[in-house]
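Summary of structural features
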Amino acid sequence: MKFHSDLFGWEYVWRNFADEKGGDSLTDSGEEEGKLLCLSIPVGMAGARALFVPETHGQKMTAGTVLLAYEPADDFAFSIFQEKMHHQLSKALGMQDLKVQDDLFDSKFMIQGNDAVKVQEIFLDVQLRELVLLQPPTTLHIDKKAGKTFPALALTDGQHAVVAKYDGAMDKLHQLQTALDVVVGVLEQLTQIGSVAGVQAAKVAAQPEAAQSDTQSKRLRSPLLDR
């Protein structure tokens with residue numbers, strides 16, 4: 001059911017998701033009525049916070065990106081993207097496509113990385129594979145230059161980030177939750193294989209102080225939101 005987002009807009013859903021998770025809805029002005037820049041959501045990992053960044057055209061949402069920054073212990077990186085027909089020729093010409101020994105997963109995605117063993121170790125996690133299949137991201141990758149890719153975010157030059165991008169509107173609570181579960185799941189696996197040295201709370205550069213205030217009482221609530 002999508003009528004709640006049609007009535008109130010995707011921003012309404014995003015703000016409610018932030019409330020539900022104990023996070024912040026950050027706007028350009030720091031006021032509740034300002035343009036929504038991103039959500040900052042705590043993930044319960046040593047102060048880590050996931051950032052949800054929307055892409056819009058006018059009032060319409062065209063894509064959403066979720067990222068979780070961390071301090072790397074090595075230079076490991078990978079990229080997953082949905083396999084298309086034209087990739088068949090690219091693979092025939094030698095384009096890398098790693099396998100994780102899951103026929104369905106391998107048939108849906110192109111997988112690339114600088115350490116094939118670590119890629120397989122990450123996606124040995126059945127729940128993580130199921131989450132990616134449930135809501136396939138346009139791309140899921142480790143960005144080793146996240147500070148340059150996301151200049152509006154206060155990331156250091158040395159930080160890497162798990163990044164999941166989804167094209168199209170993300171206007172359901174369950175879509176936001178799945179995206180969050182994916183980036184958290186990847187970071188947990190990176191930690192297990194020794195590729196994470198530490199995690200720091202990511203934030204928006206020059207974040208307005210007013211954006212951190214509790215505006216919960218001003219927000220419109222609705223039992224119609226999908227849970």
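Residues numbered from 1 in each chain as written. Predicted model: local features only at pLDDT ≥ 70, side-chain atom pairs only at ≥ 80, totals over all residues. Heavy atoms only, no water.

**Some remarks on the packing of aromatic side chains**
Keep this limit in mind: Two rings from Phe, Tyr or Trp (for Trp, the six-membered ring) form a pair when their centres are within 6.5 Å of each other. A pair whose planes differ by under 30 degrees is stacked, one over 60 is edge-to-face, and the rest are tilted. Relative accessible area decides the class of each residue, using a 1.4 Å probe on protein chains only: under 20% of the type maximum gives buried, over 50% gives exposed, and in between gives partly exposed.
According to the stated counting rule, one finds seven aromatic pairs in the structure shown. Between F76 and F78, the aromatic rings sit 6.1 Å apart at their centres with planes inclined by 35°, giving tilted as the arrangement. Comparing F76 with F78, the two get one shared label, buried. One aromatic cluster is present, formed by F76, F78, F105, F109 and F123 through successive ring pairs.

**Considerations on the pattern of salt bridges**
The criterion, for reference: In the sections that follow, a salt bridge refers to a side-chain nitrogen of Lys or Arg positioned within 4 Å of a carboxyl oxygen of Asp or Glu. In DSSP terms, a helix is any run of H or I states spanning at least four residues, a strand is any run of E spanning at least two, and both are numbered starting from the N terminus.
For the structure shown, the criterion picks out five salt bridges. The closest approach of N and O atoms between E11 and R15, which form a salt bridge, is 2.9 Å. Remark: R15 and E11 occur in helix α2 (residues 10–20); sequence separation between them is four residues, near one turn of the helix. Of the residues examined, R15 reaches a relative accessible area of 9% and is grouped as buried.

**Overview of the packing of α2 against helix α8 (residues 173–192)**
Applicable threshold: Each axis is a line fitted through C-alpha atoms, taken for helices only over the stretch in contact, and angles between the N-to-C directions span 0 to 180 degrees. Every angle not falling under 35 degrees, over 145, or within 65 to 115 is termed oblique; those three ranges are roughly parallel, roughly antiparallel and roughly perpendicular. Rotating anticlockwise by less than a right angle from the far helix to the near helix defines a left-handed crossing, while the corresponding clockwise rotation defines a right-handed one. We call two residues in contact when some of their heavy atoms are within 4.5 Å. Each residue gets one of three labels, nonpolar for Ala, Val, Leu, Ile, Met, Phe, Trp, Tyr, Cys and Pro, charged for Asp, Glu, Lys and Arg, and polar for the others, Gly among them.
In the contact formed by α2 and α8, the axes pass within 9 Å of each other and the chain directions differ by 55°. Taken together, the axis directions place α2 and α8 in an arrangement best described as oblique. As α2 packs across α8, the resulting crossing turns out to be right-handed. Between α2, through V13, W14, F17 and E20, and α8, the contact on the second element is made entirely by L173, L176, Q177 and L180. Across the contact of α2 with α8, the residue classes break down as six nonpolar, one polar and one charged.

**Some thoughts on the confidence of the model for the protein chain**
What counts is decided by this rule: Per-residue confidence from the predictor is reported as pLDDT, a score between 0 and 100.
Of the residues in the protein chain, 79% reach a pLDDT of 70 or more, and the chain-wide mean stands at 84. Note on residues 206–227: pLDDT is under 50 here. Beyond four places in sequence and across chains, it has 45 contacts.

**With respect to α8**
Threshold: To estimate the expected span of a helix, subtract one from its residue number and multiply by 1.5 Å.
Between the first and last C-alpha of α8 there are 29 Å, a value that for 20 residues agrees with the 28 Å anticipated at 1.5 Å per step. Here α8 lies mainly inside the structure; 14 of its 20 residues are buried. Immediately beyond the C-terminal end of α8, within one or two residues, lies G194, with a positive phi of roughly 85°.

**Points about the side chain of S195**
The test is simple: Polar contact criterion, stated in full: a pair of N or O atoms within 3.5 Å, where within protein one must be able to donate a hydrogen and the other to accept it, and residues adjacent in sequence count only if both atoms are side-chain atoms.
Mapped onto the elements of the fold, S195 is located in the loop between α8 and β9 (196–198). A polar atom in the side chain of S195 sits 2.9 Å from the side chain of D74. In this structure, S195 is in contact with Y70, E71, P72, A73, D74, F76, K118 and L190, ignoring residues within four places of it in sequence.

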